[in-house]
Amino acid sequence: MRILIVEDYEPLQKSLQQGLHEAGFAVDVTGDGPEGLWYAMGSEYDVIILDIMLPGLDGLEILKKLRAAGKQSHILILTAKDALTDKIKGLDCGADDYLVKPFAFEELLARIRALLRRRYDQKNPDVIIGDLHIKPTTKQVFRDNLPIHLTPREYALLEYIAMRTGQVVSRTDIWEHVYEFNASATSNVVDVYVGYLRKKLDINGKPDLIRTIRGQGYILGASS
Amino acid sequence: MTVSLRTRLLGSVIIGTTLLLGIFCIILYTLTRNMVTHQFDRSLLSTAKMLSAVVENEGVEDEEDDDDDDEDDESHERGYDYRIASSNLELEFEFDVRMTPEFNHLHGGGYYQLWNRDRTFTLRSPSLGKSNLTYFANNASEPLYQRCQLPDNKPGRAVSYTFLTAEKEDHAQLEQFTFIVARDASTLYDFLGFFRWLLLGCSAAIVLLSGLVAATVARIGLRPVHTLADEIESVDEKNPQHFFSTENCPAELAPICDRLNALMERIQQSLQQQRRFNADVAHELRTPLAGIQSTIEVCLSRDRQAQEYQQALENSLAITQTMNRLVGTLLALSRLEAEQIPLETQTITLKEQVERTWLNFADQAHDKGLTFENHIDDALTCVTDRDHFGMIISNLLENAVEYVNEQGQIIVSAKNRDRTVELSISNTGSDLAPDDLEHIFEFFWRADTARTHTGTHCGIGLAVVQKVAAILGMRLNAKIDQPKSTFTITLELPTAPQ
């Protein structure tokens, strides 16, 4: 999953970036308002963490512009403004969530997970497809009740494809949602990682979970 | 308890009316009394004059004057003539009794009595009978008037008319006589009495009515005042959005309404400023707190290398130091607001103060490759509180160092004016636009670009500096000049001791 952080206070920016990256997200950061807007318009972020007091362009303005442009990213406002009127204003402008500083990092993670479920129309926190069991809260994966150990990138890839179970996921989609902006790109990095993932998942001769649809992409689970 | 306007108005009206009516009544009564009495007295006088005209001095009685007896008989039918036993004066006194019936019958209403000068002889009207009228006279030839008690105990008025009459035979001999003519004046006095009571009654009624009218008028008239008072009372101090309508305000209250509205606006602005300040303070404190919390939480979220922990701790510490300064400034600010800090004034040499303060920034300046020039005249001094003044200079220099460009210049100078000294601190390379100048003294304001300069500098400095300056009786001005975007801040110091 791909996250954009728009926050100008450096210590916070740095710690968020580190924390979210370690949690397995592809993270882009900026401390500048206009730059944040540019990033958000340019890519399909799953979640955008948006501060309000930004240099150059107010956070709410960015929000309005994104919504007006039809961007579907889920936006969480992260700000010190805690007045009721501020919260209402933020949510009514199109934000999906509102978190007041200072906050517990764990809470931020939980809210991001909730936003991601919403993004992919998943109600169940756990993703269960056949005998595959994914727990996003703990990043644990089980197949047939046997734990499977994945690297962060592999997990991110699996999570994304699993969230979109039943849909064909193109390489571009994967690229957009699993890799951050300046990830080093080789033309078949996606294929390579899918290969890694398959190797770990398809154990004991069990059927392939991730199937290739030629010319289109991959699919996990039965077609919807 | 202060006296109410209504009571005062009412009291004044009643007292005023009473006084006016009192004076009026007295004048009216006096005039009326004089007039009717005068009228009465005039008729008394004319009667007295008439009576005195018919008195003839027969002279001393003479035994030989027998042929007068015939005359006497005649006159006895018409009038009366008297003879005195003692002084042998004989007076003839003739008048037609039909013309003056009042004097004829006992207690007829009119009375007269005649005396000679030494009161040895007297002549009474029939109406008097055996009684006497009260004698009163003076030596002047003017008639005298007096109230008297009549024989039938009725109130009367009498005139005392003194006249001379010559002896019939010998005109050289003049005798002085006094006529007292009295009449029943009960009608007169009854009327005056009635009139007196009438006036009093009317006055009382008028006073009462005017009191009622005044009370009503006062109540109605003062209604706008009550309305205004109610409106004022209904104002909520915590949420003063009320504005007093000046439309229905009478002319006298309009200035009060206007003033109240102006005050309300000031209060509202002040509250708004307060709210903004509180919101800003919250933001300024929460942001670094969030930074610390996030840094530490992320660091603790998994096992790490010692170096990572160290870095996280150092970052957190740096942030706490910023917060420390912020909290310190806020406390200083609230203490200033409460004016708890006593000022100790002393004479300060400006050049030396600036040099001393600059030492704190010398290293930082060196790192940035800055040039510092102190052009203040050695002789310039000011008399003020050293600690606070030092704080102002320190803040201004800190700002200059913070915002100056690399390799830039900071110049301090002073101009000696009439009764003030203008101390200026300039730095080149300022990012401020001319429009920003009106904001720089606001709390927590930072020019956008300055925010990303360092994440740690907080914009409260100039606002606090301005407050401290105000307490010391100094003023701050700022301007931007074009060559090299030079930002100059000027402190006006009064040279006379504060």
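Small disclaimer: the values here were computed from a predicted structure and weren't measured.

Colleague: So what exactly am I meant to see when it comes to the overall build of chain B here?
Modeller: The number of helices and strands found in chain B is 11 helices and 15 strands. Of all 498 residues assigned to chain B, the portion counted as buried reaches 39%. Considering only intrachain contacts with a sequence separation of at least 6, the fraction spanning at least 24 residues in chain B is 64%.

Colleague: Can you walk me through unusual backbone geometry in this structure?
Modeller: Excluding glycine, residues mostly have negative phi values, and the peptide bonds linking residues are mostly trans. The peptide bond linking Lys101 of chain A to Pro102 of chain A adopts the cis configuration, its omega dihedral lying at -5 degrees. Its location among the elements puts Pro102 of chain A in the loop between strand E5 (97–100) and helix H5 (105–119). A positive phi angle, near 55 degrees, is found at Asp121 of chain A, a position not held by glycine. The exposure class of Asp121 of chain A is exposed, given its relative accessible area of 70%. In this structure, Gln407 of chain B is a non-glycine residue whose phi angle is positive, near 65 degrees. Along the chain, Gln407 of chain B falls in the loop between helix H9 (386–403) and strand E12 (409–416).

Colleague: Even after reading the chapter, I still don't get a nonpolar patch on the surface, so can you show me in this structure?
Modeller: Residues and elements named next belong to chain B. On the surface, Ile23, Ile27 and Leu31 cluster together into a nonpolar patch covering about 300 Å² of accessible area. One can find Ile27 in helix H1 (residues 5–53). Residue classification places Ile27 among the partly exposed positions, given a relative accessible area of 47%.

Colleague: How should I be thinking about the interface of chain A and chain B in this particular structure?
Modeller: One frequent convention defines the size of an interface as the accessible area lost when the parts assemble. The interface is formed by 20 residues belonging to chain A together with 21 residues belonging to chain B. Taking both partners together, chain A and chain B bury about 1900 Å²; carbon and sulfur atoms supply 57% of that area. Taken together, the connections running from chain A to chain B amount to 3 salt bridges. Between Arg304 of chain B and Glu22 of chain A there is a salt bridge; the shortest N-O distance is 2.3 Å. At the level of elements, helix H1 (10–22) and H5 of chain A are the ones that each hand at least two residues to the side of chain A that touches chain B. Among the elements that make up the side of chain A that touches chain B, the one with the highest residue count is H1 of chain A (7 residues).

Colleague: Before we go on, may I ask you to explain helix H8 (residues 189–201) of chain A in this structure?
Modeller: A turn of α-helix holds 3.6 residues, and therefore any two residues three or four places apart point the same way. All names here are of chain A. End to end, H8 covers 18 Å across 13 residues, agreeing with the expected 18 Å (1.5 Å per residue, within 8%). Burial in H8 covers these residues: Val189, Val190, Val194, Leu197 and Leu201. What you see down the axis of H8 is that its buried residues fit within an arc of 130 degrees, all on one side.

Colleague: Can you walk me through the nonpolar core in this structure?
Modeller: Across soluble globular proteins, nonpolar side chains have a tendency to be buried as a group. Ranked by size, the top nonpolar core spans 57 residues in total, and within it Leu20 and Phe25 of chain A carry the most contacts. Examining the composition of this core, we find that 8 residues originate from one element, helix H6 (residues 152–163) of chain A, more than from any other. Residues in contact with Leu20 of chain A, not counting those within four places in the same chain, are Ile3, Ile5, Phe25, Val27, Ile49, Phe105, Leu109 and Ile112 of chain A. Among the nonpolar cores identified, the runner-up in size contains 45 residues, and Leu326, Leu462, Ile480 and Ile489 of chain B belong to it.

Colleague: Even after reading the chapter, I still don't get the side chain of Gln13 of chain A, so can you show me in this structure?
Modeller: Residues and elements named next belong to chain A. Structurally, the position occupied by Gln13 is in helix H1. For Gln13, a relative accessible area of 10% corresponds to the buried category. Residues contacting Gln13, with those up to four places away along its chain left out, are Glu7, Asp8, Val29, Thr30 and Gly31.

Colleague: I would appreciate a short explanation of the packing of H1 of chain A against helix H5 (residues 254–300) of chain B in the present structure.
Modeller: For any two helices packed against each other, one specifies the crossing angle of their axes together with the interaxial distance. The contact between H1 of chain A and H5 of chain B brings their axes to 8 Å, and the two run at 30 degrees. When the interaxial angle is binned, H1 of chain A and H5 of chain B end up roughly parallel. The handedness of the crossing between H1 of chain A and H5 of chain B is left-handed. Residues Pro11, Leu12, Ser15, Leu16, Gln18, Gly19 and Glu22 of chain A of H1 of chain A lie in contact with H5 of chain B, whose contacting residues are Ala290, Gly291, Ser294, Thr295 and Val298 of chain B. Among the residues forming the contact of H1 of chain A with H5 of chain B, the class breakdown is 5 nonpolar, 6 polar and 1 charged.

Colleague: Explanation requested: the confidence of the model for chain B in the structure shown.
Modeller: The predicted coordinates ought not to be read in detail in places where the model reports low pLDDT. All names here are of chain B. In this model, chain B carries an average pLDDT of 80, and 83% of its residues clear a pLDDT of 70 or more. Low confidence marks residues 70–88, where pLDDT is under 50. Its contacts with residues over four positions away, or in another chain, come to 34 contacts. Low confidence marks residues 449–456, where pLDDT is under 50. Its contacts with residues over four positions away, or in another chain, come to 12 contacts. Across the interface, the model reports ipTM at 0.83; the global pTM reads 0.59.

Colleague: Looking at this model, I keep getting lost on the environment of Leu222 of chain B. Mind explaining?
Modeller: Residue and element names in this part refer to chain B. Tracing the backbone shows Leu222 in the loop between helix H3 (186–221) and helix H4 (223–233). You can call Leu222 buried: its relative accessible area is 15%. Along the sequence, Leu222 and Arg6 sit 216 residues apart, while their C-alpha atoms lie 7.7 Å from each other.

Colleague: What exactly am I supposed to notice about the packing of helix H6 (residues 306–338) of chain B against helix H11 (residues 461–472) of chain B here?
Modeller: Residues and elements named next belong to chain B. Interhelical geometry of H6 versus H11 gives an angle of 30 degrees and a closest axis separation of 10 Å. Taken as axis vectors, H6 and H11 run roughly parallel relative to one another. The crossing of H6 and H11 is left-handed. Across the interface between the two elements, Thr329, Leu333, Leu336 and Glu337 from H6 touch Val464, Lys467, Val468 and Ile471 from H11.

Colleague: Sorry if this is basic, but what is going on with the sheet that holds strand E6 (residues 127–129) of chain A here?
Modeller: Note on sheets: strands pair through backbone hydrogen bonds, and any given pair is parallel or antiparallel. Residues and elements named next belong to chain A. Spatially, E6-E7-E8-E9 is the arrangement adopted by the 4 strands of the open sheet, whose pairing is antiparallel. A single partner strand is all that each edge strand has here, and the edge strands are E6 and strand E9 (146–148). Pairwise comparison of adjacent strand axes, ignoring direction, gives a mean angle of 20 degrees for this sheet. As paired elements, E6 and strand E7 (residues 132–135) share 3 bridges and run antiparallel to each other. Paired with Val127 across the two strands is Ile134, which belongs to E7. Against the sheet, H6 makes contact with E6, E7 and strand E8 (140–143), and its axis sits at roughly 110 degrees relative to E7, the strand it touches most.

Colleague: Would you mind going over the sheet that holds strand E2 (residues 26–30) of chain A with me for this structure?
Modeller: Residue and element names in this part refer to chain A. Within the open sheet, the 5 strands sit side by side as E2-E1-E3-E4-E5. Their pairing is parallel. Both outer strands of the open sheet, E2 and E5, are each paired with one neighbouring strand and no more. With strand direction ignored, the average angle separating the axes of adjacent strands in the sheet is 20 degrees. Here strand E1 (residues 2–6) pairs with E2 via 5 bridges, running parallel. Bridged to Leu4 within E2 is Asp28. On the sheet, H1 packs against E1, E2, strand E3 (47–50) and strand E4 (74–79) and is oriented at approximately 170 degrees with respect to E2. Where helix H4 (residues 84–92) meets the sheet, it contacts E4 and E5, and its direction lies at approximately 150 degrees from that of E5.

About the cut-offs
- Residues numbered from 1 in each chain as written.
- Chains lettered and ligands numbered in written order.
- Predicted model: local features only at pLDDT ≥ 70, side-chain atom pairs only at ≥ 80, totals over all residues.
- Heavy atoms only, no water.
- Helix = DSSP H or I, 4+ residues; strand = E, 2+ residues; numbered from the N terminus.
- Buried < 20%, exposed > 50% of the residue type's maximum accessible area, 1.4 Å probe, protein only.
- Contact = heavy atoms within 4.5 Å.
- Patch = residues over 30% accessible without salt bridge, like charges linked within 9 Å, V, L, I, M, F, W, Y side chains within 5 Å.
- Areas by Shrake-Rupley, 256 points an atom, 1.4 Å probe, with all protein chains shown as cover.
- Salt bridge = Lys/Arg side-chain N within 4 Å of Asp/Glu carboxyl O.
- Buried area = accessible area lost by both parts, 1.4 Å probe.
- Expected span 1.5 Å × (residues − 1).
- Arc of directions from axis to C-beta.
- Core = buried A, V, L, I, M, F, W, Y, C linked by side-chain atoms within 4.5 Å.
- Axes fitted to C-alpha atoms, helices over the stretch in contact; angles between N-to-C directions.
- Parallel < 35°, antiparallel > 145°, perpendicular 65-115°, else oblique.
- Left-handed = near helix turned anticlockwise from the far one by under 90°.
- Nonpolar A, V, L, I, M, F, W, Y, C, P; charged D, E, K, R; others polar.
- pLDDT = per-residue confidence, 0-100.
- Pairing = 2+ DSSP bridges.

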